[in-house]
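Structural overview for review
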Amino acid sequence: MKGTGNRKKTRAALRRRRRQRRIRVGFALLFILLAVLGGFRIWERMTERYVEKSGDWIDNAKPEMDVELLTVNPYSRPGTETNKINGIVVHYTANPGATAMENRNYFEGLKDSHETKASSNFIVGLEGEIVQCVPTWEVAYASNSRNQDTVSIECCHPDEEGGFTDETYQSAVDLCAWLCLKFDLDETDMIRHYDITGKICPKYYVEHEEAWDGMKQDVKVKLDEYRKQAKK
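One structure accompanies this document, and this report is about it. (Residues numbered from 1 in each chain as written. Predicted model: local features only at pLDDT ≥ 70, side-chain atom pairs only at ≥ 80, totals over all residues. Heavy atoms only, no water.)

Turning our attention to the overall build of the chain. Looking only at helices and strands, the chain has seven helices and six strands in total. Ordering the α and β elements of the chain from the N terminus gives α-α-β-β-α-β-β-β-α-β-α-α-α. The buried share of the chain, reckoned over its 232 residues, is 40%. A separation of at least 24 residues holds for 76% of the contacts in the chain among residues at least 6 apart in sequence. Summing over all exposed atoms, the chain offers an accessible surface of approximately 13,400 Å²; the carbon and sulfur share of this is 52%. (Helix = DSSP H or I, 4+ residues; strand = E, 2+ residues; numbered from the N terminus. Buried < 20%, exposed > 50% of the residue type's maximum accessible area, 1.4 Å probe, protein only. Contact = heavy atoms within 4.5 Å. Areas by Shrake-Rupley, 256 points an atom, 1.4 Å probe, with all protein chains shown as cover.)

Right, here's the structure in full:
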C-alpha cells in the first residue's frame with residue numbers, strides 16, 4: 001500500500017511539473033509575441049515618419065520662392081505634422097486672375113473669417129512666382145484624405161479655362177521636380193486633386209488628359225537633368 005501511495009505522489013508531482021512547464025512556455029511565447037508586435041509597430045511608425053533628403057545638388061535645384069508662412073490656426077495651418085510624403089498634388093485656384101499673394105492672403109484670412117478650412121503648401125503665381133504658405137512637414141488643407149502624406153501646390157490661372165501661363169507652368173514643373181528630389185519621388189507620384197476626390201481640379205489638366213501627361217513628362221525630363229548633374 002505504501003508503494004502505491006508513493007507512486008501516486010510521484011505522478012502528481014510530475015503533473016505539477018508539466019503544468020508549470022506549460023505555463024512557463026506559454027508566458028515565454030506570449031512575451032515573444034508581444035515583443036514582435038511591439039517591434040512591428042515601432043518599425044511601422046518609423047517608416048511612416050516624415051523624412052526629406054538633403055545635399056548640395058538638391059539645394060541647387062530648389063526654385064526661387066517667397067516664404068510667407070500662414071499663422072498657425074485651425075482653419076488654414078493647423079500645425080499638424082505630416083507623415084512620410086508619398087505624393088505631390090497639383091491644384092488650380094479656381095480664382096481666375098488672382099495672384100499668388102492674393103490667394104495666400106485669402107488663406108491667412110480664414111483664421112478670422114472661419115469661412116472654411118483651406119490652404120496649400122505652395123502657390124505658383126501668374127508670373128511664375130512661388131509662395132510657400134505651409135511647411136512641407138505640416139499638413140495643409142488641400143487634398144482631403146491625402147493631406148497627411150502629400151505636398152500640395154495651388155497654381156494660379158488667368159481665365160475660366162484653367163490653363164496655366166507659360167511662366168506658371170514652368171515654375172510648377174521646376175517645383176514638382178525639386179520636391180521629387182527632396183522626397184525621393186518621381187513623376188509617377190504626381191497626382192491631381194481630381195485623382196483623389198473626382199473634383200475637376202486642376203480644371204484644364206483634367207479636361208485635357210494629354211496636357212497632364214505632358215506636364216509629368218516635363219517633370220521627368222527635369223529630374224533626369226538634375227540626376228545627371230548630381231553624378232558629375
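On we go.
With that settled, the discussion passes to the layout of surface pockets. Put simply, the largest pocket is a space of about 350 Å³. Mapped onto the lining of the largest pocket, the elements with two or more residues apiece are β2 (87-92) and α3 (100-113). The greatest single-element share of the lining of the largest pocket, amounting to four residues, is contributed by α3. Of the residues belonging to the lining of the largest pocket, the class tally is eight nonpolar, eight polar and three charged. (1 Å grid on protein atoms, 1.4 Å probe; cavity = no way out; pocket = protein on both sides within 12 Å on 5 of 7 lines; lining within 4 Å. Points joined across faces, edges and corners; volume = space filled by probe spheres on them. Nonpolar A, V, L, I, M, F, W, Y, C, P; charged D, E, K, R; others polar.)

Bringing the packing of aromatic side chains into the picture now. Applying the stated criterion across every chain yields a total of four aromatic pairs. Relative to phenylalanine 107, the ring of tyrosine 106 lies with its centre 5.9 Å away and its plane at 55 degrees, an arrangement referred to as tilted. On the basis of relative accessible area, phenylalanine 107 is assigned to the buried category, the value being 7%. Plain terms: the ring middles of phenylalanine 164 and tyrosine 205 are 4.6 Å apart, the flat faces sit at 40 degrees to each other, and that makes the pair tilted. Pair noted here: phenylalanine 164 is in the loop between β5 (150-155) and α4 (166-182) and tyrosine 205 is in helix α6 (residues 203-207), with a separation of 41 residues, a long-range link. Here phenylalanine 164 matches tyrosine 205 in class, with each residue buried. (Phe/Tyr/Trp six-rings, centres within 6.5 Å; stacked < 30°, edge-to-face > 60°.)

We now examine α3. With 14 residues, α3 ought to run about 20 Å at 1.5 Å a step, and its terminal C-alpha atoms sit 20 Å apart, in line with that. Ala100, Asn103, Arg104, Phe107, Glu108 and Leu110 are the residues of α3 that are buried. Buried-residue contacts for α3 involve β3 (122-124) and β4 (130-132). In the segment just after α3, histidine 114 is the residue with positive phi, at about 55 degrees. (Expected span 1.5 Å × (residues − 1).)

The next thing to look at is the packing of α4 against helix α7 (residues 209-231). Here α4 crosses α7 at 55 degrees, and the two axes come no closer than 9 Å. Between α4 and α7, the interaxial angle falls into the category oblique. Crossing of α4 over α7 shows right-handed handedness. Facing α4, whose interface residues are Tyr169, Ala172, Val173, Asp174, Cys176, Ala177, Cys180 and Leu181, α7 presents Gly214, Met215, Asp218, Val219, Lys222, Leu223, Tyr226 and Arg227. (Axes fitted to C-alpha atoms, helices over the stretch in contact; angles between N-to-C directions. Parallel < 35°, antiparallel > 145°, perpendicular 65-115°, else oblique. Left-handed = near helix turned anticlockwise from the far one by under 90°.)

The next point concerns the pairing of β2. With six of its six residues buried, β2 lies for the most part within the structure. Where β2 lies against β5, six bridges are found, and the strand directions are parallel. Paired with glycine 87 across the strands is threonine 150, a residue of β5. Looking at chain direction, β2 and strand β6 (residues 190-192) are connected through three bridges and run parallel. The residue bridging isoleucine 88 from the neighbouring strand is methionine 190, located in β6. (Pairing = 2+ DSSP bridges.)

Moving on to empty space enclosed by the protein. Taken as a whole and judged by the stated rule, the model has one cavity of 30 Å³ or more. Taken as a whole, the largest cavity spans an internal volume of roughly 30 Å³.

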